[in-house]
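Coordinate analysis (summary)
Listed below, chain by chain, are the residues.
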Amino acid sequence: MRRFLLLYATQKGQAKAIAEEICEKAFAHGFSADLHCISESDKYDLKTETAPLVVVVSTTGTGDPPDTARKFVKAIQDKALPADFFAHLHYGLLGLGDSEYTYFCNGGKIIDKRLQELGAQHFYDTGHADDCVGLELVVEPWIDGLWAALTKHFMASRGKEETNGALKMASNASQRMDPVKPELLHIESQVELLRLDDPGRKDSEVREQNTVNGNQSSAPPAESESSLTHSIPPLSQASLNIPALPPEYLQVHLQESLGQEESQASVTSVDPIFQVPISKAVQLTTDDAIKTTLLVELDISKTDFSYQPGDAFNVICPNSDSEVQNLLQRLQLTDRREHCVLLKIKADTKKKGAALPQHIPEGCSLQFILTWCLEIRAVPKKALLRALSDYTSDGPEKRRLQELCSRQGAADYNRLVRDAHASLFDLLLAFPSCQPPLRLLLEHLPKLQPRPYSCASSNLTHPGKLHFIFNIVEFVSNTTMEVLRKGVCTGWLATVAASVLHPYPRVSRAEGGKAPAPEISISPRTTNFFHLPSDPSAPIIMVGPGTGIAPFIGFLQHREKLQEQHPDGHFGAMWLFFGCRHKDRDYLFREELRHFHQRGILTHLKVSFSRDAPVGEEEAPVKYVQDNIRLHSEQVARLLLHERGCIYVCGDAKNMAKDVNDTLVEIISKEAGVEKLEAMKTLATLKEEKRYLQDIWS
């Protein structure tokens, strides 16, 4: 069996799932994949590795490699390493990213570039998959082409002894093989319909022929557009390429509980968890604002939780109780919700390297696991749809699930599942004959991730307290019926904070006084980087529309206290570009900003209102933060290019951060008199020097 090393660097499980898919498929193509997380440096050694290397890397934050790759990246970025350190290594890399962010697939690009600098050679061209349009558009053809590229590599390497292969490759650097392009291999490699390795399954169950039409029983034939539950030609009449069934690997036993206590402490976390009371909550927007924004104050005085302005922290949140109960009811497990979930690896599993999910704690109840451990709102991956189809008894429903996970149904999957934010429960409502076992959910649903929030205070101004702000996320889900949903975390936080909310406090009184303050669990984030410059004389530009203003309130509070403590100190200028919809509805921290401006802490305050119409004869106001930045292009360029200033951008990645980045390129190009490409290089240098920092989200 021809062996290759397969490494993945994952943040939320995407890269791991894709690497596991490659590992499963390898055997059928005559290869053996040695699969490891890139953080498991004791399990592999690239310095002596003679087999080809395949790497799947996701991107996190504002273009960083995932946390699991931090140690690896630090090691390979050692400047003392010689240029031929990896000259023996042949590799193929698949990067995952989202083009809504400025630094698309940058996690993979960082590793790719450094491996090249250290002499490693591609045996297969790098793939960059975009979650914005659908990872599978690149991932599937890239995996399809991998097998021919590996075959070509092994054929070229035939005859070389593995024991000295690394040395020979290093000394024969002139015999570099041209990497194979994925799109060529996609044509060369035969596209297979679902493989049938299980002899007990009938062929008719595996290959649906043209005669199966998903809309026969569930929709009128004249329908002009497909829906979640039915398709239209040509998809409804096509032969389908559907993925192989993911192997089962968990054995689940539900045991009556002995009534032991469960707490959020059971939730697995690499970081310490602190349970802290909410001491105050304030609504920052008027009731007629489009979005409701809350400020929450946490009392951290009795913990050793510490933070700097600009830091972010995690809130550990549960799924909505009503959604958990609905799911239990649909799975017909309501009467067993208090039972303990006991997991074992199936003795006869075909899954290579099968391990118990680390995010499911031992001996907890089913209700606890669905509430605190699993992301039940997660958009189901195609592998889950594929598995669900096997537990669907109705023919047209089964066919439709197969269509949605097939290559031919990619557009329908993107529009009706991914972009519609459909959840597992939505699918189970839409396909009533689907009756999956609990095992399937535990194998496929990802970990319920803690939600990150920026600190909106300084501990110099508010000792023992931590402030943060958030919009209560609301959206209409109409996958099966129209339902108004709230964000998993923000909806829960709003409910928890309701008893201490100002200006309309609804404080319940317990006997003998006030009710105890509600509590939440938080944990520190290890990758904090969004800090004030170490030199207080450096000028700074802050760009933070909407709730993106949060870290800058902390910056301003901190700077005010420092200036009080050092009245003779030299402090750089502070610019703030803030934006919101309406001056009178959602101008967050209006009085505080006016205070900082009047005291000279905030030297320049530039505010834009995107929905306010001009009054009377006045000129149309600027609408967005980037418009205001453009109005002050000369000063912005001077601060960044000549005064060693820093620029901080916080908020929405999808539009604002991209538009601000484009505006900065335009300003540098104009004010420095250079081409656009040169201006982009200047911005990249500012980012490397940690003078252009982004804390953005989508």
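Residues numbered from 1 in each chain as written. Predicted model: local features only at pLDDT ≥ 70, side-chain atom pairs only at ≥ 80, totals over all residues. Heavy atoms only, no water.

What follows concerns the sheet that holds strand β23 (residues 646-652). If you walk across this open sheet you meet the five strands as β22-β21-β20-β23-β24, and the pairing is parallel. Two strands close off the open sheet at either side, each with one partner strand: β22 (604-609) and β24 (692-697). Averaged over all adjacent pairs, the angle separating strand axes in this sheet is 10°, with direction ignored. Bridging between strand β20 (residues 540-543) and β23 involves four bridges; their strand directions are parallel. Each bridged residue has a counterpart across the sheet, and for I540 the counterpart in β23 is C646. (Pairing = 2+ DSSP bridges. Helix = DSSP H or I, 4+ residues; strand = E, 2+ residues; numbered from the N terminus. Axes fitted to C-alpha atoms, helices over the stretch in contact; angles between N-to-C directions.)

Right, let's get into the packing of helix α1 (residues 14-28) against helix α4 (residues 136-157). Put simply, α1 and α4 touch, their axes get as near as 11 Å, and they point 35° apart. The two elements α1 and α4 meet at a crossing, and its hand is right-handed. Where α1 approaches α4, its residues I18, E21, I22, K25 and A26 are matched on the opposing element by V139, W142, I143, L146 and W147. Partitioned by chemical class, the residues of the contact of α1 with α4 number eight nonpolar, no polar and two charged. (Left-handed = near helix turned anticlockwise from the far one by under 90°. Contact = heavy atoms within 4.5 Å. Nonpolar A, V, L, I, M, F, W, Y, C, P; charged D, E, K, R; others polar.)

Let us now look at the pairing of strand β13 (residues 465-471). In terms of residue burial, β13 counts as a mostly covered element, since five of its seven residues are buried. Judged from the seven bridges that link them, strand β9 (residues 293-299) and β13 form a sheet pairing that is antiparallel. Its bridge partner lying in β13, D299 is registered against K465. (Buried < 20%, exposed > 50% of the residue type's maximum accessible area, 1.4 Å probe, protein only.)

With that settled, the discussion passes to the confidence of the model for the chain. Within the chain, residue pLDDT values average 87, and 87% of them lie at 70 or more. Every residue in residues 161-177 is under pLDDT 50, and counting partners more than four places away or in other chains gives 19 contacts. Overall, residues 504-513 carries pLDDT values under 50, and its contacts beyond four positions in sequence, including any with other chains, amount to ten contacts. (pLDDT = per-residue confidence, 0-100.)

By size, the foremost hydrophobic cluster in this structure holds 49 residues, and its most contacted members are L327, L388 and L442. In terms of residue count, helix α9 (residues 366-373) provides more of this core than any other element does, six residues in total. Setting aside anything within four residues of it in sequence, one finds L442 in contact with L250, V252, V341, L343, P357, I360, I369 and L374. Counting residues in each nonpolar core, the second largest holds 31 residues, with V276, L298, L466 and C489 among its members. (Core = buried A, V, L, I, M, F, W, Y, C linked by side-chain atoms within 4.5 Å.)

This brings us to the side chain of S477. Of note, S477 is situated in strand β14 (residues 474-477). Here the side chain of S477 touches R485 through a polar contact of 3.3 Å, side chain to side chain. Ignoring anything within four residues of it in the chain, the contact list for S477 reads D426, E482, V483 and R485. (Polar contact = N/O pair within 3.5 Å; in protein donor to acceptor, adjacent residues only side chain to side chain.)

Attention now goes to the packing of aromatic side chains. For the structure on display, the rule yields 22 aromatic pairs. A ring pair is formed by W575 and F577, whose centres lie 5.9 Å apart and whose planes are at 20°; its orientation type is stacked. Residue classification places W575 among the buried positions, given a relative accessible area of 4%. Its relative accessible area of 0% is what places F577 among the buried residues. Ring pairs connect the aromatic residues F274, F305, F313, Y453, F468 and F470, which therefore count as one cluster. One cation-aromatic arrangement involves K351 over Y249; the distance from NZ or CZ to the ring centre is 5.0 Å. (Phe/Tyr/Trp six-rings, centres within 6.5 Å; stacked < 30°, edge-to-face > 60°. Lys NZ or Arg CZ within 6 Å of the ring centre and 35° of its normal.)

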